[in-house]
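# Coordinates in review
In case you want the letters, here they are:
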Amino acid sequence: MTKRAIILISGRGSNLLAIIKAVKEGYLKDLEIIKVISDNPEAPGIEKAKAEGYDATYVSPGAKKARFDEEGLKRYVGIIRESGANYIFLAGFMRILDEKIINSVDAVLNIHPSLLPSFKGLNAQKQAIEYGVKVSGCTVHFVDAGVDTGPIIIQRTVPVYADDTEESLAERILAEEHKAYPYAIKKLIEDKLEIHGRIVKIKE
Ligand code: GAR
């Protein structure tokens, strides 16, 4: 059965495009992306989604910096509930979700550019370089009330080289993100993810 998702973005939208490509190529044939919403009016991802034929708009989260204010929250929850979405996928969405949003759908997934639980929050690639780790990567996880703390679905790794910059590492990780996210979504919509506390089992 087709599952309906809203994708939330804040910027470039390359993970969004990777998901759209997977839908269009039939890898995610049972997924319908019903809306793309950005909390940033300038996000290049809005135009990219429109060019692919999707309903994409800026919705103000309100005046708070990293969260939603009361009015913003009402706007988001209203749109999500009205849309009948089963899932929300965060694709470079740089704002902390409120539980009211999390509870308005069956599940929320996020992609993060580090091997969680290392380097939560902003600038994960910079944190990894500065810490001196030799391996990094990306994580797709369920979103819970914490920040980057929910049960992990999949991680993909990349080496970190001595001459890496934040940008070169981010680019290497991004290539893995574009594989990891469609895979995790596929398992979710096929009901192949079993959650036992923090542990996610993938039924093959
Ligand atoms: C991606 O690297 C994503 O993992 C990261 O932002 C980038 C968005 O790129 N997300 C976070 O850091 C979330 N805390 P994109 O807009 O091209 O998908």
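Let me begin by describing the structure that accompanies this report. (Residues numbered from 1 in each chain as written. Predicted model: local features only at pLDDT ≥ 70, side-chain atom pairs only at ≥ 80, totals over all residues. Heavy atoms only, no water.)

## Re the nonpolar core
In this structure, Leu31 and Phe89 are the most contacted members of the largest nonpolar core, which totals 43 residues. Residue contributions to this core peak at eight residues, all from helix α6 (residues 166-189). Those residues in contact with Leu31 that sit more than four places away from it in its chain are Thr2, Lys3, Ala5, Ile19, Val23, Phe89, Ile185 and Ile189. Among the nonpolar cores identified, the runner-up in size contains 20 residues, and Ile6, Ile80, Ile102 and Val108 belong to it. (Core = buried A, V, L, I, M, F, W, Y, C linked by side-chain atoms within 4.5 Å. Buried < 20%, exposed > 50% of the residue type's maximum accessible area, 1.4 Å probe, protein only. Helix = DSSP H or I, 4+ residues; strand = E, 2+ residues; numbered from the N terminus. Contact = heavy atoms within 4.5 Å.)

## Digging into helix α3 (residues 70-83)
For an α-helix, the turn length of 3.6 residues means that residues three or four places apart are oriented alike. Look at α3: 20 Å from first C-alpha to last across 14 residues, which is about the 20 Å you get at 1.5 Å a residue. For α3, the complete set of buried residues consists of Gly72, Leu73, Tyr76, Val77, Ile80 and Ser83. Projected onto a plane normal to the axis of α3, the buried residues spread over an arc of 135 degrees and lie on a single side. Residues of α3 that are exposed and point more than 90 degrees away from the buried face comprise Glu70, Lys74, Arg81 and Glu82. Lining the buried residues of α3 we find β1 (3-9), β2 (31-38), β4 (87-90) and α4 (99-102). Its side-chain oxygen at 3.2 Å from the backbone nitrogen of Glu71, Asp69 defines the N-terminal cap of α3. Among the residues trailing α3, Gly84 stands out with phi positive, at a value near 70 degrees. (Expected span 1.5 Å × (residues − 1). Arc of directions from axis to C-beta. Polar contact = N/O pair within 3.5 Å; in protein donor to acceptor, adjacent residues only side chain to side chain.)

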